[in-house]
Amino acid sequence: SDMPQASELRDFELMRNVFREALRLYPPVGFFAREAAQADQMRDKQIAPNAAMVIAPWLIHRHRTLWHQPDVFDPDRHDTAAGKESARCAYLPFGMGPRVCIGAAFAQQEASLILAALVQRYRFRAVPGFIPQPVGRLTIRSANGMLLHIEKRPL
């Protein structure tokens, strides 16, 4: 079969990076609530134990001091030393710590395989002039959908 197999996943670094970058710019959940485990200080604010906190991947993934050109879609950033450091401390599309999504690794592998299979068979192009309008409801999505031209590649 010419379908990509899980055993070939190492060969799909670009697919993984495209998926990672899409999740960086459009994390599945833009904001989530957590409770402070202990007292701490953040800038000039004192945080009490058990205080309600809002974590914002949508903002952290676009933070100017944490990411080089944060508004630019750049899958190659995930192969640079700076990009790896940013990902280590400021990349949380699946959460982080003890409450991280248990399906994160599986989702990344599966998405990379699906993306590889799709681009092998089809060419995707943006519809000229179409601008998606991201909204945060339960998850991040486009309020006006996603318009693409999809063309089957010759086999």
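My aim in this report is to walk through the structure given alongside it, one point at a time. (Residues numbered from 1 in each chain as written. Predicted model: local features only at pLDDT ≥ 70, side-chain atom pairs only at ≥ 80, totals over all residues. Heavy atoms only, no water.)

Brief notes about the side chain of S86
Defined as follows: A run of H or I in DSSP counts as a helix once it spans at least four residues, and a run of E counts as a strand once it spans at least two, with each numbered from the N terminus. Pairs of N or O atoms are called polar contacts if they sit within 3.5 Å, as long as, within protein, a hydrogen donor faces a hydrogen acceptor (for residues adjacent in sequence, only side-chain-to-side-chain pairs). By the convention used here, residues are in contact when the closest approach between their heavy atoms is within 4.5 Å.
Tracing the backbone shows S86 in helix α3 (residues 81-90). Looking at S86, its side chain comes within polar contact range of the main-chain oxygen of L66, at 2.3 Å. With near-sequence residues (within four places) excluded, S86 lies in contact with L66, W67 and Y91.

A short note on the nonpolar core
Heads up, the condition is: Side-chain atoms within 4.5 Å are what join buried Ala, Val, Leu, Ile, Met, Phe, Trp, Tyr and Cys residues into a set we call a nonpolar core. For every residue, the accessible area obtained with a 1.4 Å probe (protein chains only) is divided by the maximum for its type, and the residue is called buried under 20%, exposed over 50%, and partly exposed between those limits.
One finds F19, L23, W67, A90, Y91, F94, A104 and A111 forming the largest nonpolar core, which totals 8 residues. Those elements that place two or more of their residues in this core are α1 (13-25) and α4 (104-121).

A word on the packing of α1 against α4
Counted only if it meets this: Lines fitted to the C-alpha atoms define the axes, with helices restricted to the stretch that makes contact. Angles between their N-to-C directions range from 0 to 180 degrees. Each angle is binned into one of four classes, with values under 35 degrees roughly parallel, values over 145 roughly antiparallel, values of 65 to 115 roughly perpendicular, and all other values oblique. We call a crossing left-handed when the near helix sits turned anticlockwise from the far one by less than a right angle, and right-handed when that turn is clockwise.
Relative to each other, α1 and α4 sit at 115°, their axes nearing to 9 Å. Considered as vectors, α1 and α4 are oriented roughly perpendicular to each other. In the packing of α1 onto α4, the handedness of the crossing is right-handed. Packed against α1, whose contacting residues are M15, R16, V18, F19 and R20, the element α4 presents A107, Q108, A111, S112, L115, A116 and V119 at the interface.

Concerning the packing of aromatic side chains
Test applied: Any two rings among Phe, Tyr and Trp, with Trp reduced to its six-membered ring, count as a pair given centres within 6.5 Å; such a pair is stacked if its planes are under 30 degrees apart, edge-to-face if over 60, and tilted if neither. Remark: a charge is flagged as sitting over a ring if the NZ atom of Lys or the CZ atom of Arg is within 6 Å of the ring centre and within 35 degrees of the ring normal.
Counted by the stated rule, this structure contains 3 aromatic pairs. With a centroid separation of 6.4 Å and 65° between ring planes, the pair formed by W67 and Y91 is classed as edge-to-face. Highlighted residues: W67 in the loop between α2 (57-60) and α3 and Y91 in the loop between α3 and α4, separated in sequence by 24 residues. Residue classification places W67 among the buried residues on the basis of a relative accessible area of 2%. The ring of W67 is capped by R24, whose NZ or CZ atom sits 5.2 Å from the centre of that ring. Sitting over the ring of W58, R62 keeps its end group 3.8 Å from the ring centre.

Focus on the pattern of salt bridges
Defined as follows: Salt bridge, as used here: a side-chain nitrogen of Lys or Arg that lies within 4 Å of a carboxyl oxygen of Asp or Glu.
Enumeration according to the criterion identifies 6 salt bridges in this entry. Salt-bridge contacts for R77 lead to E21; the nearest nitrogen and oxygen are separated by 2.9 Å. Residue R77 is found in the loop between α2 and α3, and its partner E21 is found in helix α1; the two are separated by 56 residues along the sequence. Of the residues examined, E21 reaches a relative accessible area of 0% and is grouped as buried. Here R64 and D71 are joined by a salt bridge, their closest N and O atoms 2.6 Å apart. Three or more residues are tied together by salt bridges with common partners; here these are E13, R16 and R20.

Some thoughts on unusual backbone geometry
Look at R43: it is not a glycine, yet its phi comes out positive at around 55°. Relative to the elements of secondary structure, R43 occurs in the loop between β2 (40-42) and β3 (45-47). According to the relative accessible area criterion, R43 is exposed, its value standing at 79%. One non-glycine residue, N50, adopts positive backbone phi at about 70°. Taking relative accessible area as the criterion, N50 reaches 52% and is therefore assigned exposed.

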